[in-house]
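What the coordinates show
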Amino acid sequence: MTRFAEFHDKSLTQRDAFWAEQAQLIDWHTPPQQICDYSNPPFARWFAGGTTNLCHNAVDRHLAARGDQAALIAISTETDTERTYTFHELHAEVQRMAASLKALGVGKGDRVLIYMPMIAEAAFAMLACTRIGALHSVVFGGFASGSLASRIDDATPKVIVSADAGSRGGKGVPYKPLLDEAISLAQHKPSAVLLADRGLVAMNLVAGRDHLWADMRQKHLNDQMPCEWVDATHPSYTLYTSGTTGKPKGVQRDTGGYAVALAASMKHIFMGQPGETYFSTSDIGWVVGHSYIIYGPLIAGMATIMYEGLPTRPDAGIWWSLVEKYKVTVMFSAPTAVRVLKKQDPALLKKYDVSSLRALFLAGEPLDEPTARWISDSLGVPIIDNYWQTESGWPILTIANGIEKKDSKFGSPGIPMYGYNVKLVHESTGEELTGADEKGVVVIEGPTPPGFMQTVWQDDERFVKTYWQSVPGKMVYSTFDWGIRDKDGYFYILGRTDDVINVAGHRLGTREIEESISSHPNVAEVAVVGVADNLKGQVAMAFAVVKDTSGLTDDAARAKLEGEIMKVVDGQLGAVARPARVLFVTALPKTRSGKVLRRAIQAVSEGRDPGDLSTMDDPTPLTQIKGFFSA
Ligand code: AMP
């Protein structure tokens, strides 16, 4: 057996001994009594009996050895600001934020919703929550009031932390009016809103409810706010993600298992050393931002860069200039970002000294071989694809160079990581597929490793039903991804088995977009599918049946309605969910029992053969859709 194979094998066959060793990588207030309690599958309780704190592991425990070292580097090319916080300074800011939240009534187990741009205060807020045992629920700043309202109702936060605005391309993007609208749409009302005022957009403050961070900070300038020691199984946060149904799921994460999983991944996979700088270009609204902008690098004693801005502004060399300036050793981004940079002047990459960089990790969507090759040749460092999900919290498939150096195979995210018992099964029989290059659903056998989601927030039944009962005859966790495994054990991910699409690494539920489009008064019916796109991987394409077609006589009228529908989506869900096109059709292709044939629509939209259409009721609608793409 190779070293990694042995390591992986031990993680499954001597599970408790393996994870007991990894648990040494973090600080415990009380050591765990039991490593893995799997007495109630599929609920895995990791490190039960132990008490710890995420914020302590990310901040406080570094104070003695590296208090004056950089911890958080907040860079905005939008507002032209750059500010480094040492561990001491971060500690002080987090205590001020924690004291402010406490003063606003937040206690252990309460939820705090964070709707913020990529500014340092967002990191303070996240760390302040876990410091006092409150759960944060970060909502991506690109989501609009409808999405925000449904998350407010599900998380029922006591306090919401937000800001006047984000900024994109140098222009302020107001957050506060969207937040006010979301709160008025939601049933649940937070008792307070804490606002960072960046001076970008004027704010109307609601008396008695809205508080300015600058004032609260001043009030609690010298407050000490010790870490609340919580059980390893105490939830640290919820993060909403899309699935098949319209309602987003609150992925709930624990504390001890997550801290151990991140510490272990920083050592074995990312190989970041204390004192070095980590740069993840993601956003705190996504899971990568939680694990590898905030918690992972800080737990490892690294400085972490939080970047607000575009990869191409002031020019496409900006990220490499930051690598040079801050001597970044580990970088994490998404294939779409690399494809954007690939279209720019290659000289911009050569302009900077990126010799500090040891590896570039890419995740969130399939990494195509030409993109991987281009960036690998340009940077001259290993490009490490890694496959995971909001649900898993850390990579499921990749390579772990910290255990054994392996080459990546371009096109494959890699092999199953330690702790993950990954299998491929037949979609309808559930039978395990063990042969090379057989296509099946990627599943994970329980118990899932530390760091993996605990449950769906306040809905254990949905957790079990959605994730663990979708494969016939077997209780295994479904990733809802198709995959194959080659003869060397490397996996290849072939897209989702459900109605989730992946636009520029952003995970979107097509049903949510359909619901939003259907709310336009002139839309009778709509189907949204993901269509392959050279830059974004996929884009959402909508096919709508209109109630009153009398006005739709020419291109201008159609374009007007298309624009109106896009505005509806922008307003309810946010521009991230806006379809690339809304095409008008007379009917949707359906089976005789009335089910919309989404896979057939997707196939013809991508110029592929739609496959078996024997259950189709009427071929005319599919022919009409084909017509849009054959021109
Ligand atoms: P999210 O929960 O937003 O991180 O999205 C997870 C989904 O993104 C997975 O289920 C995959 O469909 C896709 N995904 C993430 N990483 C990769 C990767 N490295 N290669 C292919 N697909 C990926």
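Residues numbered from 1 in each chain as written. Predicted model: local features only at pLDDT ≥ 70, side-chain atom pairs only at ≥ 80, totals over all residues. Heavy atoms only, no water.

1. Things to note about the overall build of the protein chain
Secondary structure summary: the protein chain contains 20 helices and 32 strands in total. Taking 2.2 N^0.38 as the reference for a compact globule, 631 residues should give roughly 25 Å; the C-alpha atoms of the protein chain span a radius of gyration of 24 Å, in line with that estimate. A principal-axis box enclosing the C-alpha atoms of the protein chain has dimensions of 70 × 65 × 55 Å. Within the protein chain, the proportion of its 631 residues that are buried is 61%. Across the protein chain, the fraction of contacts at a sequence separation of at least 24, relative to all contacts at a separation of at least 6, is 70%. Total accessible area computed for the protein chain in this model is approximately 23,900 Å², and 50% of it derives from carbon and sulfur atoms. Side-chain charges of the protein chain comprise 63 positive and 72 negative groups, with the mean position of each set lying 1 Å from the other. (Helix = DSSP H or I, 4+ residues; strand = E, 2+ residues; numbered from the N terminus. Rg over C-alpha atoms; globule rule 2.2 N^0.38 Å. Buried < 20%, exposed > 50% of the residue type's maximum accessible area, 1.4 Å probe, protein only. Contact = heavy atoms within 4.5 Å. Areas by Shrake-Rupley, 256 points an atom, 1.4 Å probe, with all protein chains shown as cover. Lys, Arg positive; Asp, Glu negative; His and termini not counted. Charge placed at Lys NZ, Arg CZ, Asp CG, Glu CD.)

2. A look at helix α19 (residues 598-605)
Across the 8 residues that make up α19, a large majority, 6, are buried. Taken residue by residue, α19 has Arg598, Ala600, Ile601, Ala603, Val604 and Ser605 as its buried positions. Looking at the buried residues of α19, the elements they touch are α17 (510-518), β30 (523-533), β31 (537-546) and α20 (620-630). Once α19 finishes, Gly607 follows within two positions and takes phi at roughly 75°, a positive value.

3. What to know about the nonpolar core
Side chains that are nonpolar tend, in soluble globular proteins, to be buried together. Formed by 121 residues in total, the largest nonpolar core has its most connected members in Leu90, Leu101, Leu127, Tyr292, Tyr295 and Tyr418. If one sorts the elements of this core by residue count, helix α10 (residues 256-270) sits on top with 10 residues. Not counting residues within four places of it along the chain, the set of residues in contact with Tyr292 comprises Leu262, Ser265, Met266, Phe270, Tyr278, Ser280, Pro297, Phe332, Trp388, Gly393, Trp394 and Pro395. (Core = buried A, V, L, I, M, F, W, Y, C linked by side-chain atoms within 4.5 Å.)

4. Let's talk about unusual backbone geometry
Each neighbour pair has its own omega, and for Pro41 with Pro42 the value is 5°, a cis peptide bond. Even without glycine at this site, Asp80 takes up a positive phi of about 50°. Structurally, Asp80 can be placed in the loop between β4 (70-76) and β5 (81-86). One non-glycine residue, Asp437, lies in the positive phi region at around 65°. For Asp437, the position within the fold is in the loop between β23 (421-425) and β24 (440-445).

5. Examining the site of the ligand
Surrounding the ligand, one finds 14 residues, the nearest of these being Asn386, Thr390, Asp481, Arg496 and Arg507. In the model, an oxygen atom of the ligand is placed 3.2 Å from a nitrogen or oxygen of the Asn502 side chain. Contact with the protein chains removes 93% of the 490 Å² of surface that the ligand exposes when unbound. Residue assignment for the shell around the ligand shows that the elements contributing at least two residues are β20 (383-386) and β27 (491-496). (Near = heavy atom within 4 Å. Polar contact = N/O pair within 3.5 Å; in protein donor to acceptor, adjacent residues only side chain to side chain.)

6. With respect to the sheet that holds β27
The sheet built from 4 strands is open, its strands ordered β23-β24-β26-β27 with antiparallel pairing. In this open sheet, the two strands that pair with only one neighbour each are β23 and β27. Taking each pair of neighbouring strands and ignoring which way they run, the sheet shows an average axis angle of 45°. Alignment of β23 against β24, held across 5 bridges, turns out to be antiparallel. Each bridged residue has a counterpart across the sheet, and for Asn421 the counterpart in β24 is Glu445. (Pairing = 2+ DSSP bridges. Axes fitted to C-alpha atoms, helices over the stretch in contact; angles between N-to-C directions.)

7. Considerations on helix α2 (residues 15-22)
Every buried residue of α2 is listed here: Phe18, Trp19 and Gln22. Looking straight down α2, one finds its buried side chains confined to an arc of 85°; they lie on one side. (Arc of directions from axis to C-beta.)

8. Let's talk about the pairing of strand β11 (residues 192-196)
Within β11, 5 of the 5 residues are buried, which leaves the element mostly enclosed by the surrounding structure. Both faces of β11 are covered, namely the face carrying Ala192, Leu194 and Ala196 and the face carrying Val193 and Leu195. Inspection of the sheet shows strand β8 (residues 159-163) paired to β11 by 5 bridges, in the parallel sense. In the sheet register, Ile160 faces β11, and the bridge partner there is Val193. Here β11 pairs with strand β12 (residues 210-212) via 3 bridges, running parallel.

9. Concerning the side chain of Thr255
Within the secondary structure layout, Thr255 lies in the loop between β15 (249-253) and α10. Once residues within four sequence positions are removed from consideration, Thr255 is found in contact with Thr52, Asn53, Leu54, Val230, Asp231, Ala232, His234, Pro235 and Ser236.

10. Brief notes about the packing of helix α5 (residues 87-103) against helix α6 (residues 120-131)
Helix packing for two helices is described by the angle between their axes and how far apart those axes are. It is the contact of α5 with α6, at a shortest axis distance of 8 Å, that shows an interaxial angle of 65°. Between α5 and α6, the angle falls in the class roughly perpendicular. The interaxial crossing formed by α5 with α6 has right-handed handedness. Contacts from Leu90, His91, Glu93, Val94, Gln95, Met97, Ala98 and Leu101 in α5 reach Glu121, Phe124, Ala125, Leu127, Ala128, Cys129 and Arg131 in α6. Considering only residue class, the contact of α5 with α6 consists of 10 nonpolar, 2 polar and 3 charged. (Parallel < 35°, antiparallel > 145°, perpendicular 65-115°, else oblique. Left-handed = near helix turned anticlockwise from the far one by under 90°. Nonpolar A, V, L, I, M, F, W, Y, C, P; charged D, E, K, R; others polar.)

11. Describing the pairing of strand β6 (residues 111-115)
The buried fraction of β6 amounts to 5 of the 5 residues, a majority that puts the element mostly inside the structure. Across the two faces of β6 the burial is the same, with Arg111, Leu113 and Tyr115 and Val112 and Ile114 all buried. Here β6 pairs with strand β7 (residues 135-138) via 4 bridges, running parallel. Note that in β7 the partner of Leu113 across the bridge is Ser137. In the sheet, β6 pairs with β8 via 4 bridges, with the strands oriented parallel.

12. Some thoughts on the packing of helix α13 (residues 335-342) against helix α15 (residues 369-379)
It is at 10 Å that the axes of α13 and α15 come closest, and there the two elements cross at 65°. The orientation of α13 relative to α15 falls into the category roughly perpendicular. Regarding α13 and α15, the two cross each other, and that crossing is left-handed. Contacts from Pro335, Val338, Arg339, Leu341 and Lys342 of α13 reach α15 at Pro370, Thr371, Trp374 and Ile375.

13. Focus on the sheet that holds strand β32 (residues 581-585)
Overall, mixed pairing links the 3 strands, which are arranged β30-β31-β32 in an open sheet. This sheet does not close on itself; its edge strands, each paired only once, are β30 and β32. Direction aside, the axes of adjacent strands within the sheet are offset by 25° on average. Bridge analysis of β31 against β32 gives 5 bridges, and the strand direction is parallel. Each bridged residue has a counterpart across the sheet, and for Phe543 the counterpart in β32 is Leu583. Lying over the sheet, α19 contacts β30 and β31, oriented at roughly 50° with respect to β30.

14. Overview of the packing of aromatic side chains
Going through the model one piece at a time under the given rule, you end up with 39 aromatic pairs. With a centroid separation of 6.1 Å and an interplanar angle of 65°, the aromatic rings of Phe279 and Tyr307 are classed as edge-to-face. Of this pair, Phe279 sits in strand β16 (residues 277-280) while Tyr307 sits in strand β17 (residues 303-308), placing them 28 residues apart in sequence. For the pair Phe279 and Tyr307, a shared accessibility class is recorded, and that class is buried. Judged by centre distance (6.0 Å) and plane angle (55°), the ring pair of Phe463 and Tyr467 falls under tilted. Linking Phe463 with Tyr467, this pair stays in helix α16 (residues 460-468), spanning 4 residues, or about one helical turn. Directly above the ring of Phe143 sits Arg151, whose terminal nitrogen or CZ lies 4.6 Å from the centroid. (Phe/Tyr/Trp six-rings, centres within 6.5 Å; stacked < 30°, edge-to-face > 60°. Lys NZ or Arg CZ within 6 Å of the ring centre and 35° of its normal.)

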